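Each chain, letter by letter, is given below.
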Amino acid sequence: MLIEIGYDIALRVATPTAILFELRVHPSREADLVAPEAVVVEPYIPVSEYKDVFGNGCGRISVHAGLRRFRNHAVSRDS
């Protein structure tokens, strides 16, 4: 079975802020993805990607005050 997964999150910050996020598929399920995830931050800003001590995919951005949008879309296989 194929399962469509994703999110669309809007976050408004009042002052310049560092944002850390873990919004990716768990590493134990990455092999089940039909295609790589399509994570997007709008408006565009470079994301510093890293793995935490548990192997989870993480991101860090520094943003100015205002609205940021995080989106992702993927398709996963599952029985």
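Remember, predicted model here, so these are calculated numbers, not experimental data.

Colleague: Could you give an account of a nonpolar patch on the surface, with specific residues and numbers?
Modeller: On the surface, a nonpolar cluster with roughly 280 Å² of combined accessible area is contributed by Met1, Ile3 and Ile5. Examined against the element boundaries, Ile5 turns out to sit in strand E1 (residues 2–13).

Colleague: Please set out the sheet that holds strand E2 (residues 17–21) residue by residue, giving values where relevant.
Modeller: Spatial ordering of the open sheet is given by E2-E5-E4, a layout of three strands whose pairing is antiparallel. Looking at strand neighbours, the two that pair on one side only are E2 and strand E4 (48–51), the edges of this open sheet. Going across the sheet, the axis of each strand differs from the next one's by a mean of 20°, ignoring polarity. Sheet analysis places E2 next to strand E5 (residues 57–63), joined by five bridges and oriented antiparallel. Bridge assignment links Ile19 to a residue of E5, and that residue is Ile61.

Colleague: Before we move on, could you go through unusual backbone geometry and cite the residues and values that matter?
Modeller: The omega torsion across Glu42 and Pro43 is -10°, close enough to zero to call that bond cis. Along the chain, Pro43 turns up in the loop between strand E3 (40–42) and E4.

Colleague: Any details on the environment of Arg24? Residues and values, ideally.
Modeller: Following the sequence through the fold, Arg24 ends up in the loop between E2 and E3. Between the alpha carbons of Arg24 and Gly59 there is a distance of 9.3 Å; along the sequence they are 35 residues apart. Excluding anything up to four places from it in sequence, Arg24 contacts Glu37, Val39, Glu49 and Gly57. A distance of 3.1 Å separates polar atoms of two side chains, one belonging to Arg24 and the other to Glu49.

Quick notes on the rules
- Residues numbered from 1 in each chain as written.
- Predicted model: local features only at pLDDT ≥ 70, side-chain atom pairs only at ≥ 80, totals over all residues.
- Heavy atoms only, no water.
- Patch = residues over 30% accessible without salt bridge, like charges linked within 9 Å, V, L, I, M, F, W, Y side chains within 5 Å.
- Areas by Shrake-Rupley, 256 points an atom, 1.4 Å probe, with all protein chains shown as cover.
- Salt bridge = Lys/Arg side-chain N within 4 Å of Asp/Glu carboxyl O.
- Helix = DSSP H or I, 4+ residues; strand = E, 2+ residues; numbered from the N terminus.
- Pairing = 2+ DSSP bridges.
- Axes fitted to C-alpha atoms, helices over the stretch in contact; angles between N-to-C directions.
- Contact = heavy atoms within 4.5 Å.
- Polar contact = N/O pair within 3.5 Å; in protein donor to acceptor, adjacent residues only side chain to side chain.

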